[in-house]
Amino acid sequence: KTVAIITKAHPLSSFSSSIQDGMNASIGSGDSWESHAEDTIRSGQSLNDQRIVSSICKQAPQILEELDKMGLPLNRDSEGLFRLNKLIGSSSARAATVDDITGHALMQVLYEQALKGDVKFLEEWYASSLIVEGGQCKGVIGIEVATGKLEMFPAKSVVLATGGIRRLYEPSTASFLCTSDGIAMAYRAGANLSDMEMVEYHPFVIKNSPIAISELILAKGIELNDSAGAEIPIAFNENETLLHNLSRTIAQEIEAKGESHLLLKSSLSAQEVSSTFFMTNARLGMLLKADLSKDSIPVAPAMNRILGGIATDELGATSIPGLYAAGECSNSGFHGAGSLNGNILLYSVVSGLRAGAAAVEYSNSSSITQPSNDSLEIQKSSLGSLLEMEPKNSVAAIRSQLSTIMNEKVGLTRNEAGLKEASDLITTLKTQFKEAGISNKSLGYNFELLHHHEVGFLLDTAETIVSSSLARKESRGVHYRTDF
């Protein structure tokens, strides 16, 4: 089989590269997959699919072993055993790491394996829509960034691994690539979504940046103060697994004091920083000219990730035959209403492995006819109309307004009045978006055109999050309704 990956940026630009908290696996003394599963379900407030939680927690040690054999340079102790970290919410030390660059190192290793396996990478192409005919997914329509050329990519199966929705919120830990492309394409094609209301915030994101203080640092201990130097009491309870809950407390503290941020100081020694947290310290040095071992860092809560997404089964299959999803754009029910620290990379790897294998099996066993040119012609017509239109509204302004609406009314806390207001405002923005157009009429390297597609995806995703938030009339995990 020929495997091709369509990606709008270099593969190693994936948001996964920035994840630092390691990968959970119950390989430590006294730990068990059952304990890992219990911690995961407690963190997910029992909204998890318990069968899938058990399955992934059982598989985690094997996954870690396979990555080790591939060359992932996991930290080890003096006896050569994996050095495991006990993160907030876990009853045992089970997070294996590569210093503070676990996601980055993992992406390097998996990219090498993909090249070794002759996977074809189509870089600087972005998918604009799925091809669904006769109730089956038969490929995607892609646009080449360099030329603006529209092309049909027929496929016997498609796996969406497009990441999260971070650009939908401001402030957030957003990479510019996190624009909900896969979730929106699946939604437009008629695929089921689930738990879209489960939007998770991180309590300690560095002011005026998208960088969160790693859970590895939090687990070592921190001190929190206001600008006047008064200490803010903070205690991480082992049974309080949701950092998102802490985000609400921190936000309330900031508002009560009339400040824009608090000051965080780590308990790390200079030796620990230089040996294990060198990447974090380098970023702090560039951003703030600060040192993690001695300086206080300005922090405030910001949106971090979505736990819902394209609904899949245990193998990554969606409600559309031939379409699969993996990673943050997917939702098999593993995380539930709150993610356990150390489970994000684990879920991405396992869901990708399973979706890939299932997609191959589907391709081998299904007789799928070549798609018609209908989807391509529709896209060409839409592109032509967009280029002819004189822009009446700013796409950038629409995205900015959208991110503010989502943070203020569909953020850390929600209520019916605010959600209904958000729904009305998003409807207005969608109307404005139809007349937004683009001023750059060229085709080659037209990033205004790319941005237009992305904002369209974000608007559709926002609609689903608001609808889901209205429908869940309770507070559970990261979904907090002040009226329930």
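Residues numbered from 1 in each chain as written. Predicted model: local features only at pLDDT ≥ 70, side-chain atom pairs only at ≥ 80, totals over all residues. Heavy atoms only, no water.

## Focus: helix H13 (residues 447-471)
A rise of 1.5 Å per residue sets the reference length of H13, with its 25 residues, at 36 Å; its end C-alpha atoms lie 36 Å apart and thus fit the reference within 8%. Of the residues that open H13, the one with a side-chain oxygen 3.2 Å from the backbone nitrogen of Glu448 is Asn446. (Helix = DSSP H or I, 4+ residues; strand = E, 2+ residues; numbered from the N terminus. Expected span 1.5 Å × (residues − 1). Polar contact = N/O pair within 3.5 Å; in protein donor to acceptor, adjacent residues only side chain to side chain.)

## Structural notes on the pattern of salt bridges
This model, assessed by the stated rule, comprises 25 salt bridges. For Lys69, the salt bridge goes to Glu65, with nearest N and O atoms at 3.2 Å. On the criterion of helical spacing, the pair formed by Lys69 and Glu65 is a turn pair, its members being four residues apart in helix H2 (residues 50-70). For Lys69, a relative accessible area of 66% gives the class exposed. Residue class for Glu65 comes out partly exposed when judged on its relative accessible area of 41%. By sharing partners, the salt bridges in this structure join Asp195, Glu197, Arg472, Glu474 and Arg476 into a single network. (Salt bridge = Lys/Arg side-chain N within 4 Å of Asp/Glu carboxyl O. Buried < 20%, exposed > 50% of the residue type's maximum accessible area, 1.4 Å probe, protein only.)

## Let's talk about the state of the cysteines
Within this structure, the stated rule accounts for zero disulfides. We note that Cys329 lacks a disulfide partner, and the nearest cysteine sulfur, in Cys178, lies 11 Å from it. (Disulfide = S-S within 2.5 Å.)

## Here's the deal with the nonpolar core
As a rule of thumb, nonpolar side chains are buried together in soluble globular proteins. One finds Leu160, Leu168, Tyr169, Leu323, Leu402, Met406 and Ile465 to be the most contacted residues of the largest nonpolar core, which totals 48 residues. Here this core gets eight residues from one element, more than from any other, and that element is H13. When residues no more than four places from it in sequence are discounted, the contact partners of Leu160 are Leu130, Gly182, Met185, Ala186, Ile310, Leu323, Tyr324, Ala325, Ala326 and Cys329. (Core = buried A, V, L, I, M, F, W, Y, C linked by side-chain atoms within 4.5 Å. Contact = heavy atoms within 4.5 Å.)

## Some remarks on the environment of Leu458
Mapped onto the elements, Leu458 comes out in helix H13. The class of Leu458 is buried, set by a relative accessible area of 1%. C-alpha of Leu458 to C-alpha of Ser35: the two residues are 423 residues apart in sequence and 37 Å apart in space.

## A look at unusual backbone geometry
Put simply, Glu170 and Pro171 share a cis peptide bond, and its omega is 5°. Here Pro171 is to be found in the loop between strand S9 (158-160) and helix H4 (181-189). At Ser46, a residue that is not glycine, the phi angle is positive and equals roughly 65°. Residue placement: Ser46 occurs in the loop between helix H1 (33-43) and H2. The phi dihedral of Glu124 falls on the positive side, at around 60°, and the residue is not glycine. Among the structural elements, Glu124 can be located in the loop between strand S5 (120-123) and strand S6 (125-133). Glu124 sits in the partly exposed class, given a relative accessible area of 34%.

## Some details on the sheet that holds strand S8 (residues 150-154)
If you trace the three strands from one edge of the open sheet to the other, you get S6-S7-S8, paired in antiparallel fashion. Bordering the open sheet on either side are S6 and S8, each of which pairs with just one other strand. Pairwise comparison of adjacent strand axes, ignoring direction, gives a mean angle of 30° for this sheet. In this fold helix H10 (residues 374-388) packs onto S6, strand S7 (136-144) and S8, with an angle of close to 160° to the strand it touches most, S8. Sitting on the sheet, H13 is in contact with S6 and S7, with an inclination near 50° to S6. (Pairing = 2+ DSSP bridges. Axes fitted to C-alpha atoms, helices over the stretch in contact; angles between N-to-C directions.)

Function cannot be inferred from these measures alone, as they are strictly geometric.
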